[in-house]
Each structure stands twice: as C-alpha cells, then as structure tokens.
Amino acid sequence: MRIARNIPELRVLLKTLRKQGGRIGFVPTMGYLHEGHASLIQHCRARCDSVVASIFVNPTQFGPDEDLNHYPHDLDRDQALCLNQGVTILFIPEATELYTTGFSTFIDPGPMGQVLCGSYRPGHFRGVATVVAKLFSIVQPDLAFFGQKDLQQAAILRRMVWDLNLPIELVVAPTIREHDGLAMSSRNAYLSIGERMRALCISRALAAATNAFQKGVRSATELVDTAKSLLGDLDELQYCELVDALTMDTIEGQVKRLAGLCVAGKIGRARLIDNVLLSEAADPTRLLSLVAIPD
Ligand code: PAF
C-alpha cells in the first residue's frame, strides 16, 4: 500500500496505476474506520483492479456547533485496516491541501440537501457534495463506493454524478451492523455502555417496521408510527420519516416505490442515523447504485 499526503504525490501514484490499465475504485472516508468501511473496500476490490481510499475529516460538512474538533481518529489503526483490506493507495491530505486560501466554490445539492439531516445540519450536504466532487476530480475513479447507512448522502451524490455528467459509477453497499443490530458508525465511539444499550431502539424500531412491511402493511403512517412507538429511548428524536429512497421525497399514503424509512436522533452527545429500505425487491440496496454513466 502506498500513502499519498498531498495531491502531487497522489497524482504520481495514480499515473502509474493508470498505465497498468484496469478499473480504479474509490472509497472516501473520514477515518476512524470500522467494519462498514472494510466492507466498502471489499466491495471495491471485488469490482475494481485497484482501490484508492481517502481519510479526510472534511471541515465544510460540519456546522459551527458540531464535532469537527472532537471527531474520533486513530490513524495507525486506520492505516493497518487499509493495508489488511488490500487498499492500493491511501490518500491522507491536510485540510489546507483541499481548501487553499480564498477557497470559494461550492456544490449546492438543491432541495434534496435541505430535508431530513439537511434541516438539522444546515450546509452539511453542501460540504459533502463539494468535498466529494473535489475528491472525484483529484482521483478520477471509474467507480466510487458509499454506504447505505448514509442514504440521503448517497441520493445527493448520485444526483450530483448525474447532473454534472461525471463519468463515475456510484455503488451503494448495504449497512453493516454490530451483532445486536446497531448500525456501524465512527460516532458510536461517543456512546457510554448505557447509551449504547439505549441506541439499540433505533435498529429495533426499523426492524419492527420492516416486519410490518413484510406482513403486508403498506400505509406510510402505519409504518412510521410502528417505528416511532419504539424510539422512546432516544434523548431527542430528530426525524422518523418514510421517503422515496432515490429522491428523498416524503411518501404519503401507500408505499409503492422503493422506500427508505429514515431515523435520526441523539443519545448523549452522539447524533445517530439509520435507515431500512422497504421494498419487495430481492436486493433493494442494489437499486440505489447509479450504474448507467451519464453521457
Ligand atoms: O460518509 C462520509 O464519511 C463522508 O461524508 C464523506 C463521503 C467521506 C465525505 O466527507
């Protein structure tokens, strides 16, 4: 595994890779890697000839009162995980490398960036779309991999790839969970043992709604109410909404399209998000990927 700490170093390594031919896959991360990231790297390895991963805690996607300065990190462990998972190139830029003095160009993801997490984290998806567009432009991968846990992020980035005609196949991979159902997240590190127990209400609520859907319930209100009734252990429920999984539009009435039941809430200082797809398709996560590359 080669490590690049700035853009010129990365470009030299990428040039050599490109000469070898083959597909280059990209897994962008903010570090403090867990099995969810390992799974993205595995998906990437299965589809590509080489894997570029990045670790960058992107300041523009954090609000002024958020956890930018406390975001968990362990670079040695991250590097070991990337090495073990077969990453070809690991890109670890400094903030000043990506945001040079006078930086002023941002990607605005439009209305999709304003709902759900966007309404609790103003500017968050603008920061995400901007840094991912920059990383795509620097790495120029053939495929890029994102987790279903960040369903809204995946929807916004899929739209961005399409709208900006980026020649990249965007792949969404299923959420990886702890043995008891808690969705893997770097922010789980903020939870005390008691909070960790209470956090299980989210995956249980989503499982109950999935169960109801599998038994034939199609009423959006009934599915949302089933989940909401089990979310009492959260310190703050931010949202529990049923949305079109591709557009993030609220679903009212009956579920007829690929739906995502999305939850966000706070436990202690951790803000946690999770979702499930409600669909009759055998492998609904696959439907989230953007396979056709725009002309
Ligand atoms: O999902 C994340 O870890 C981040 O939002 C991403 C995509 C790496 C952009 O900073």
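Everything that follows concerns the structure shown earlier in this document.
Residues numbered from 1 in each chain as written. Predicted model: local features only at pLDDT ≥ 70, side-chain atom pairs only at ≥ 80, totals over all residues. Heavy atoms only, no water.

With respect to the element layout, Gly 110 can be found in the loop between α4 (95–98) and α5 (117–120). Exposure remark for Gly 110: the relative accessible area of 19% places this residue in the buried category. Expressed as a C-alpha distance, the spacing of Gly 110 and Leu 191, which sit 81 residues apart in the sequence, is 33 Å. (Helix = DSSP H or I, 4+ residues; strand = E, 2+ residues; numbered from the N terminus. Buried < 20%, exposed > 50% of the residue type's maximum accessible area, 1.4 Å probe, protein only.)

Next up on the list: the side chain of Lys 149. You can see Lys 149 is positioned in the loop between β5 (143–147) and α7 (151–163). One buried charged side chain, Lys 149, makes no salt bridge at all; its nearest oppositely charged neighbour is Asp 150, positioned 4.2 Å away. Setting aside anything within four residues of it in sequence, one finds Lys 149 in contact with Thr 175, Ala 183, Met 184, Ser 185, Ile 273 and Asn 275. (Lys, Arg positive; Asp, Glu negative; His and termini not counted. Salt bridge = Lys/Arg side-chain N within 4 Å of Asp/Glu carboxyl O. Contact = heavy atoms within 4.5 Å.)

Now for the packing of helix α8 (residues 193–214) against helix α9 (residues 220–228). For any two helices packed against each other, one specifies the crossing angle of their axes together with the interaxial distance. Viewed as axis vectors pointing N to C, α8 and α9 meet at an angle of 145°, and their least axial separation amounts to 7 Å. Both α8 and α9 take part in a crossing whose hand is right-handed. Contact residues: α8 offers Ala 205, Ala 208, Ala 209, Ala 212 and Phe 213, while α9 offers Leu 223, Thr 226 and Ala 227. For the contact of α8 with α9, the per-class residue count stands at seven nonpolar, one polar and no charged. (Axes fitted to C-alpha atoms, helices over the stretch in contact; angles between N-to-C directions. Left-handed = near helix turned anticlockwise from the far one by under 90°. Nonpolar A, V, L, I, M, F, W, Y, C, P; charged D, E, K, R; others polar.)

This part covers α9. Of all the residues in α9, the buried ones are Ala 220, Leu 223, Val 224 and Ala 227. What you see down the axis of α9 is that its buried residues fit within an arc of 95°, all on one side. (Arc of directions from axis to C-beta.)

On to the sheet that holds strand β2 (residues 24–29), then. If you trace the six strands from one edge of the open sheet to the other, you get β1-β4-β3-β2-β5-β6, paired in parallel fashion. The sheet is open, and its two borders are formed by β1 (2–4) and β6 (169–173), each paired with just one other strand. On average, adjacent strands in this sheet sit at an angle of 25° to one another, irrespective of strand direction. Here β5 runs beside β6; their pairing, made up of five bridges, is parallel. Bridging from a neighbouring strand, Gly 147 pairs with Ala 173 of β6. (Pairing = 2+ DSSP bridges.)

Let's shift gears to the pattern of salt bridges. Going through the model one piece at a time under the given rule, you end up with 11 salt bridges. Here Arg 177 and Asp 274 are joined by a salt bridge, their closest N and O atoms 2.8 Å apart. Of this pair, Arg 177 sits in the loop between β6 and α8 while Asp 274 sits in strand β9 (residues 270–278), and the two are 97 residues apart along the sequence. By relative accessible area, which is 30% here, Arg 177 ends up partly exposed. One salt bridge connects Arg 257 with Asp 244, and the closest N-O pair in it is separated by 3.1 Å. Of this pair, Arg 257 sits in the loop between β7 (236–244) and β8 (259–267) while Asp 244 sits in strand β7, placing them 13 residues apart in sequence. Arg 257 gets classed as partly exposed once you look at its relative accessible area, which sits at 42%. Among the residues examined, Asp 244 registers a relative accessible area of 8% and is labelled buried.

Here we take up the nonpolar core. Leu 10, Val 52, Leu 98, Val 132, Phe 136 and Met 160 are the most contacted members of the largest nonpolar core, which has 51 residues in total. The greatest single-element share of this core, amounting to 10 residues, is contributed by helix α6 (residues 124–139). The contact partners of Met 160, leaving out residues within four places of it in the chain, are Ile 107, Ala 129, Val 132, Ala 133, Phe 136 and Leu 166. Among the nonpolar cores identified, the runner-up in size contains 34 residues, and Leu 182, Cys 201, Ala 205 and Val 217 belong to it. (Core = buried A, V, L, I, M, F, W, Y, C linked by side-chain atoms within 4.5 Å.)

β2 sits mainly inside the fold: six of its six residues count as buried. Burial of the side chains of β2 extends over both faces: Ile 24, Phe 26 and Pro 28 are buried on one face and Gly 25, Val 27 and Thr 29 on the other. In this sheet, strand β3 (residues 50–55) lies alongside β2 in parallel orientation, the contact comprising six bridges. Paired with Val 27 across the two strands is Ala 53, which belongs to β3. Running through helix α2 (residues 35–47), the crossover from β2 to the neighbouring parallel element β3 is right-handed. Sheet analysis places β2 next to β5, joined by two bridges and oriented parallel. Within β5, the position partnered with Gly 25 by the bridge is Leu 143. (Right-handed = clockwise from strand over helix to strand, strands pointing away.)

A separate point is the pairing of β5. Burial of β5 is extensive: four of the five residues sit out of reach of the surface. In this region the chain leaves β5, passes through α7 and returns to the parallel neighbour β6; the handedness of that crossover is right-handed.

Quick look at the site of the ligand now. Neighbouring residues of the ligand: Pro 28, Thr 29, Met 30, Asn 58, Gln 61, Val 131, Val 132, Phe 146, Asp 150 and Gln 153. A distance of 2.6 Å is found between an oxygen atom of the ligand and a side-chain nitrogen or oxygen belonging to Gln 61. One of the side-chain nitrogen or oxygen atoms of Gln 153 is found 2.7 Å away from an oxygen atom of the ligand. In isolation the ligand offers 290 Å² of accessible surface; the protein chains occlude 88% of this area. Broken down by secondary-structure element, the contributors of at least two residues to the shell around the ligand are β2 and α6. Split into classes, the residues belonging to the shell around the ligand amount to five nonpolar, four polar and one charged. (Near = heavy atom within 4 Å. Polar contact = N/O pair within 3.5 Å; in protein donor to acceptor, adjacent residues only side chain to side chain. Areas by Shrake-Rupley, 256 points an atom, 1.4 Å probe, with all protein chains shown as cover.)

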